[in-house]
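Fold and geometry: a report
What follows is each chain in one-letter form.
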Amino acid sequence: MQIRADRDDLAEAFSRANRAVGTKAALPILQGLLCRVSDGMLRVTGSDTEVTVRTSVEVQVMEEGSFIVPSRFMTDAVRRMPEGTVTLRSVDGEIELEGNGPRFTIRQLAIDDYPDLAEPDPAGAVKVDGELLLEAIAQVTVAASSDSARPILTGVLMENSDSGLRLVATDSYRLAVRDLADVKMNGSGLVPARGLRELGRTVASTVINVAIQEREAVFSSDRGSLSIRLIEGNFPNYRQLLPDRYPNEVVLGKEILLDAVGRASLVAEDHIPIRLNMGEAGVKITVQRRDLGGAVELVSGVYRGELDEVDIAFNARYLSEGVMATDGEQIRMEVVDSFKPSVIRASGRDDFLYLLMPVRV
Amino acid sequence: MVKADGCVAIHADGGAYKPLNWMNAPNTLVEEDDRWLITNPKGEELAIHIEESISDMEFEMGVDPGLEKDGVEAHLQELLAAKPQVLEDGLELVRREYPTDIGPVDLLCRSPGGDTVAVEIKRMGEIDGVEQLTRYLERLSHDSRLHPLRGILAATAITQQAKVLAGARGIRCVEVDYDDLRGAPSNHLRLF
């Protein structure tokens, strides 16, 4: 095998595939990148068996062949090469990386040990605006759990709704729902949030083809494909969690609220909630910590409600993550009472909602 | 034992859980009648002479699901910080990792009666944990704002010797059930 390619093109391809290579891979060989050179292309695959990235780059091929190299080492080595053209060639069980001075020799791994990964099946894929999809993923994955003891909650449910594609995630304390209008999927599935977060750094492009298969979700574009093994199990029936009506609501400036919650967070920790008093003037935020001190701030807003005022307390981090995920300059917070879940939306938009449970104080 | 990745390990039938000797992959294994010769890329050799072969079995174990460790001290500390009342009724957290000049104590709490309670958290409560908490209590006792002051040693299991020593020093021992703790009620209301 021998190829010549631009350093930046090569570095980008290796970096994308490297995103799927975990440090705790089940098989040692999965620390490597599978590289195949043929037809003027270098095709690179990285996988931890749950998430697989396949990408390719046009190269000048002097000799075709296949090899596996340690992912991190190869990616870092290519990135550190001087700008310009670099050469890769296999010599006696090693890959030589050379260009404009430096030369690395990289020990090949046994290609026969690499697991047989099924090729992604693009059947039934639908085209989705890449920017919108990434935005939706970023909005909902904040609510996904990282607790591996409850794997179902570490995923994002992708399913069809009345208006189009719906993405839902919850860690049982909060729930985020985003609708992408006019996108109809061929199926539904629970996609690990960890894998979805890699989409932007791997194969995201202006248009992304999305297919939900029986066992995996496949995202593909002109940059390659990202296959993510689906989580098996039933996602909670989230629809029944959404209250029918919210008799009280307040509209607030998003950045002003975020700044105020950020200041209150200096006092609050995960176990100390911040208290919101909603009323005619807007929202008064207070937080008190016995060993440290406290903070109080009024955020002006427009309040409408059946109750003259509502007192409610939230985990500061969950609140600020929900506000941050909401697009728009103004956010609308809808509240039933101190113990029922509240909803945060962008004022005037209904394509995203963030349902947040309060903290009992 | 020859593992799927080619690693060769020699185990005894009792005692140590680590192999007596081993050769990591990648390597080359040559099987002869009464000897295995394993050579690694550096040229190092491991020769295993086989006196008697009783059984030779091969199993396909499939993809390694990976090792997940549960119940480590950091997670216990996180769970108990969220629910200090598990240790004692009405206990409220003042701060995690409360600093002292010899290192941070895991939790500093306040009882409904106004006592300051220093909590040391261990996966296994042994005499070392009692000694450690004793040192923290001594340092904290110099701060009059923290009086009256006492200590709790919290662990998933506590040895009898540690309980005796803790009792003699006025330190309470609390054994916590990790699984129960994960499901214990908290002030954070849940959606489901």
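Throughout what follows, the structure given in this document is the object of discussion.

Rules used in this analysis
- Chains are numbered independently. Their residues run from 1 in the order of the written sequence.
- Lettering for chains starts from A, numbering for ligands starts from 1, and both go in the order in which the items are written.
- Local features in this predicted model are restricted to residues of pLDDT 70 or higher, and side-chain atom pairs are both shown and tallied only at a pLDDT of 80 or more, whereas totals for entire chains, interfaces and linings draw on every residue.
- Each side-chain value is derived from all of the structure's non-hydrogen atoms; neither hydrogens nor water enter the calculation.
- Buried residues are those whose accessible area, probed at 1.4 Å on protein chains only, stays under 20% of the maximum for their type, while exposed residues exceed 50% and partly exposed ones sit between those limits.
- Numbering of helices and strands runs from the N terminus; a helix is a DSSP stretch of H or I covering at least four residues, while a strand is a stretch of E covering at least two.
- Polar contacts here mean pairs of N or O atoms no more than 3.5 Å apart (in protein, one a potential hydrogen donor and the other a potential acceptor; neighbouring residues in sequence count only if both atoms are side-chain atoms).
- Here a residue-residue contact requires only that any non-hydrogen atoms of the pair lie within 4.5 Å.
- Buried area: the sum, over both parts, of the accessible surface (1.4 Å probe) that disappears when the two are put together.
- One speaks of a salt bridge when a side-chain nitrogen belonging to Lys or Arg is within 4 Å of a carboxyl oxygen belonging to Asp or Glu.
- Think of it as three bins: nonpolar holds Ala, Val, Leu, Ile, Met, Phe, Trp, Tyr, Cys and Pro, charged holds Asp, Glu, Lys and Arg, and polar takes everything else, Gly as well.
- What goes into a patch is any residue over 30% in relative accessible area without a salt bridge, connected to like charges within 9 Å or, for nonpolar side chains (Val, Leu, Ile, Met, Phe, Trp, Tyr), within 5 Å.
- For the accessible areas, the method is Shrake-Rupley and the probe is 1.4 Å, while residue cover comes only from the protein chains on display.
- When charges are counted, Lys and Arg contribute as positive and Asp and Glu as negative, whereas His and the chain ends are disregarded.
- In this description, the location of a charge corresponds to atom NZ of lysine, CZ of arginine, CG of aspartate or CD of glutamate.
- The pairing criterion for strands is at least two bridges between them, as found by DSSP.
- Orientation is described by lines fitted to C-alpha atoms, with helices fitted over the stretch in contact, and by angles between N-to-C directions that extend from 0 to 180 degrees.

A short note on helix α6 (residues 316-325) of chain A
Each α-helix winds once per 3.6 residues, and so residues spaced three or four apart point in a common direction. Residues and elements named next belong to chain A. Burial analysis of α6 places seven of its 10 residues in the buried class, which makes it a mostly covered element. Every buried residue belonging to α6 is among A316, Y318, L319, S320, G322, V323 and A325, and all of these are buried. Its side-chain oxygen placed 2.9 Å from the backbone nitrogen of R317, N315 serves as the N-cap of α6.

Some remarks on the interface of chain B and chain A
If you look at the interface, chain B gives 19 residues, while chain A gives 30 residues. Counting the surface lost from both chain B and chain A, the interface buries some 2300 Å², and carbon and sulfur atoms represent 59% of this. When the area that chain B buries against chain A is broken down by residue, the three leading residues are L189, L191 and F192 of chain B, summing to 35%. For the pair chain B and chain A, the interface holds zero salt bridges. At the surface where chain B touches chain A, the tally comes to four residue pairs in polar contact (both at pLDDT 80 or more). Element by element, the count of residues in the side of chain B that touches chain A is highest for strand β6 (residues 92-98) of chain B, at four residues. Classifying every residue of the side of chain B that touches chain A gives eight nonpolar, three polar and eight charged.

Here we look at a negative patch on the surface
Among the surface-exposed residues, D6, D9, E58 and E83 of chain A lie close enough to one another that they form a single negatively charged patch. As for its position among the elements, E58 of chain A is in strand β4 (residues 51-58).

Details of the sheet that holds β6 of chain B
All names here are of chain B. Across the sheet, five strands lie side by side as β6-β7-β8-β9-β10; this open sheet has mixed pairing. Bordering the open sheet on either side are β6 and β10 (172-175), each of which pairs with just one other strand. Along the sheet, successive strands turn relative to each other by an average axial angle of 30°, direction set aside. Where strand β7 (residues 105-110) meets strand β8 (residues 116-125), four bridges bridge the pair, whose relative direction is antiparallel. Bridge pairing links L108 to A118 in β8. Running over the sheet, helix α1 (residues 73-82) touches β6, β7, β8 and β9 (149-158) and is turned about 145° from β8.

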